[in-house]
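Chain and residue survey
One letter stands for each residue in the lines below.
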Amino acid sequence: MPPEAPDLEAALRPRLPSPVQPVEDEPFTSRGIRLLLKRDDLIHPDLPGNKWRKLAPNLRAAAGRPLLTFGGAYSNHLRATAAAGRLLGCRTTGVVRGDELAGRPLNPSLARCAADGMRLVFVDRATYRRKDDPEVLARILAESAQDGDVQVIPEGGSNALAARGCADLGRELDGTADVAAVACGTAGTLAGLAAGLPPGARALGFPVLRGGFLAAETERLQLAAFGGRTGDWSLDERFHFGGYARTTPELTRFAEGFEARHGLALERIYVAKMLFGLTALAAEGAFAPGTTVAAVITGRPEPADRPGTSDRPEPAGQPDAPSSSSR
Ligand SMILES: *Cc1c(COP(=O)(O)O)cnc(C)c1O
């Protein structure tokens, strides 16, 4: 850790290890399965869940330099990065997909980013899609970063540092769970979780995007972070409900039922889909009686996350989604 790196633990006081909460939920208990909620949503009020785990190592590496990162108009990662900048006193730039947003009032999520001091730069979708191309990135940096030497954090915050940070999640579950389930957007969390789990435990990822590209992405991140594929992990691609931020009445009914049974507000873009998938797998007999399943609660609801609120992204495609086409 560079000497000038901020002492994140002292500055931000994360609640780690995150709490584990057993819940009695009929679809699980009736089949002899123990369900635990791994409450990563409680790690930090402004950097909840995997956003803390992924950002913390990047903030250490930045060592106080300005941060530049990428996201869609409703990105949890952009909000978390902006909050980190405010709390640590470092400058942040958010490169937002969609230059048509530049002339409009900010949605609540971007307004939060701006209020936290993040400079927002809107780029057209074609450029955004190619942002990992070094030439395109250099152009974005030249046009947007007044700051010179910046720490560039990829979309969704997922890079090798982030995946290594998420290995702690797996380590915290050592001796607790046979199966750990997590929702996947860019797969940095799954890549790290699987690497940190003890032998004999397995990780189960539920992509919230269409396209089936996250297995390759998980492998790419594990290669970068750990030198190769590691841990026992798999993806179940059946529970994206049409794509990023899409929902169905069935998913809404499920989420409302779970919320009512357990008094816990569910984040709908990721967490609700993962719990739906896990519940479906339990019903299919995917878990032997006696299995302990930990569902990672990677975040909590924000008003701006709710599909159906005003100023939704365009209906076609996968609006705020981490972009599969970028590599
Ligand atoms: C960002 C996010 C995810 C996705 O994590 P990845 O590492 O991108 O797969 C899951 N859940 C919540 C609540 C998130 O905000």
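Naming follows an unreviewed UniProt entry, where the protein appears as 1-aminocyclopropane-1-carboxylate deaminase of Streptomyces inusitatus.

With that settled, consider the overall build of the protein. Counting secondary structure elements, the protein contains 12 helices and 10 strands. In the protein, of all internal contacts separated by at least 6 residues, the share reaching a separation of at least 24 is 76%. Carbon together with sulfur atoms contributes 52% to the accessible area of the protein, which is approximately 12900 Å² in total.

Another point: the UniProt feature "active site" (unreviewed entry) in the protein. According to UniProt, the positions carrying the feature "active site" (unreviewed entry) are Ser-75. As for its placement among the helices and strands, Ser-75 is situated in the loop between strand S3 (67-71) and helix H4 (76-88).

Taken residue by residue, helix H7 (residues 134-144) has Val-136, Ile-140 and Ser-144 as its buried positions. Within H7, the buried residues cover an arc of 50° as seen down the axis, which keeps them to one side. Turned more than 90 degrees from where H7 packs its buried face, Pro-134, Glu-135 and Ala-142 sit exposed. Looking at the buried positions of H7, the neighbouring elements they touch are S3, strand S4 (92-97), strand S5 (119-123) and helix H6 (125-129). For H7, the N-terminal cap is Asp-133; the gap from its side-chain oxygen to the backbone nitrogen of Glu-135 is 2.9 Å.

For the structure shown, the criterion picks out 19 salt bridges. One salt bridge in this structure joins Asp-25 and Arg-261, with 2.7 Å as the shortest N-O distance. Separated by 236 residues along the polypeptide, Asp-25 in the loop between strand S1 (20-23) and helix H2 (26-29) and Arg-261 in helix H11 (residues 249-262) bring together distant segments of the chain. Residue class for Arg-261 comes out partly exposed when judged on its relative accessible area of 44%.

Helix-helix packing is described using two parameters, namely the angle between the two axes and the distance between the axes. Here helix H3 (residues 50-62) crosses helix H8 (residues 160-172) at 135°, and the two axes come no closer than 7 Å. In this view, H3 runs oblique relative to H8, as classed from their interaxial angle. Note that H3 runs across H8; the crossing there is right-handed. Residues Arg-53, Lys-54, Pro-57, Asn-58 and Ala-61 of H3 touch H8, and the partners they reach there are Leu-161, Ala-162, Gly-165, Cys-166, Asp-168, Leu-169 and Glu-172.

On to the site of the ligand. Inspection of the region around the ligand gives 16 residues, with Lys-51, Asn-76, Thr-186, Thr-189 and Thr-298 positioned closest. Between an oxygen atom of the ligand and a side-chain N or O atom of Lys-51, the distance comes to 2.8 Å. Here an oxygen atom of the ligand and a backbone polar atom of Ala-187 are 2.8 Å apart. Calculation on the ligand without its partners gives an accessible area of 380 Å², and the protein chains cover 97% of this total. Within the residue set of the shell around the ligand, elements represented by two or more residues are H3, strand S7 (179-184) and helix H9 (188-196). For the shell around the ligand, the element with the highest residue contribution is H3, accounting for 3 residues. Looking at the shell around the ligand, you find at least three residues from each of domain 1 (8-46 + 159-296) and domain 2 (50-157).

Turning our eyes to something else, we now look at the nonpolar core. Ranked by size, the top nonpolar core spans 37 residues in total, and within it Met-274, Leu-275, Leu-278 and Phe-287 carry the most contacts. Contributing elements (two or more residues each) for this core: strand S2 (34-38), S7, strand S8 (202-207), H11, helix H12 (271-283) and strand S10 (292-296). Broken down by element, this core gets its largest block of residues, 9 residues, from H12. Excluding residues that lie within four positions of it along the chain, Leu-278 makes contacts with Phe-28, Leu-35, Ala-181, Leu-204, Phe-206, Phe-287, Val-293 and Ala-295. Counting residues in each nonpolar core, the second largest holds 18 residues, with Leu-169, Ala-180, Val-182 and Ala-201 among its members.

So, on to the sheet that holds S3. Taken in spatial order, the 4 strands line up as S5-S4-S3-S6 in an open sheet, and their pairing is parallel. One side of each edge strand has no neighbouring strand; the edge strands of this open sheet are S5 and strand S6 (151-153). With strand direction ignored, the average angle separating the axes of adjacent strands in the sheet is 20°. In this sheet, S5 lies alongside S4 in parallel orientation, the contact comprising 5 bridges. Bridge pairing in S5 links Arg-97 to Val-123.

Our focus in this paragraph is the side chain of Lys-273. Assignment of secondary structure puts Lys-273 in helix H12. In this structure Lys-273 is buried but unpaired, with Glu-267 as the nearest side chain of opposite charge at 9.0 Å. For Lys-273, the side chain forms a polar contact with the main-chain oxygen of Gly-243, separated by 2.9 Å.

Cut-off values and rules
- Per chain, the residues get numbers from 1 upward, laid out in the order the sequence is written.
- Reporting of local features is limited, given that this is a predicted model, to residues whose pLDDT is at least 70; pairs of side-chain atoms are given and counted only at 80 or more, and all residues count toward the totals for whole chains, interfaces and linings.
- Water and hydrogen atoms were dropped before computing side-chain values, which therefore reflect all heavy atoms in the structure.
- Every helix listed is a DSSP run of H or I at least four residues long, and every strand listed is a run of E at least two residues long, numbered separately from the N terminus.
- Any two residues whose heavy atoms approach within 4.5 Å at even a single point are treated as in contact.
- The Shrake-Rupley method, run with a 1.4 Å probe sphere, supplies the accessible areas, and residue values consider only the shown protein chains as cover.
- UniProt positions are given in the numbering used here, feature names are shortened, and annotations may be inferred rather than shown by experiment.
- The buried label goes to any residue with under 20% of its type's maximum accessible area, the exposed label to any with over 50%, and the partly exposed label to all in between, with areas taken from a 1.4 Å probe on protein chains only.
- Read the arc as the range of directions from the helix axis to the C-beta atoms.
- Distance and chemistry together define a polar contact, namely a pair of N or O atoms within 3.5 Å, with one atom able to donate a hydrogen and the other to accept it when in protein, and with adjacent residues in sequence counting only for side-chain atoms on both sides.
- A pair is scored as a salt bridge if a Lys or Arg side-chain nitrogen falls within 4 Å of a carboxyl oxygen belonging to Asp or Glu.
- An axis is simply a line fitted to the C-alpha atoms; with a helix, the fit covers only the stretch in contact. Between two such axes, the angle follows the N-to-C directions and lies from 0 to 180 degrees.
- Reported orientations rely on four angle classes, namely roughly parallel under 35 degrees, roughly antiparallel over 145, roughly perpendicular from 65 to 115, and oblique for the rest.
- Here is the rule for handedness: rotate from the far helix to the near one, and if that takes an anticlockwise turn smaller than a right angle the crossing is left-handed, while a clockwise turn gives right-handed.
- A single heavy atom is enough: if one lies within 4 Å of a molecule or strand, its residue is considered near that molecule or strand.
- For the domain bounds, the source is a domain assignment made automatically or taken from a database.
- The term nonpolar core refers to a set of buried residues drawn from Ala, Val, Leu, Ile, Met, Phe, Trp, Tyr and Cys, joined through side-chain atoms within 4.5 Å.
- At least two DSSP bridges between two strands are required for those strands to pair.
- In summary, the charge assignment counts Lys and Arg as positive and Asp and Glu as negative, without counting His or the chain termini.

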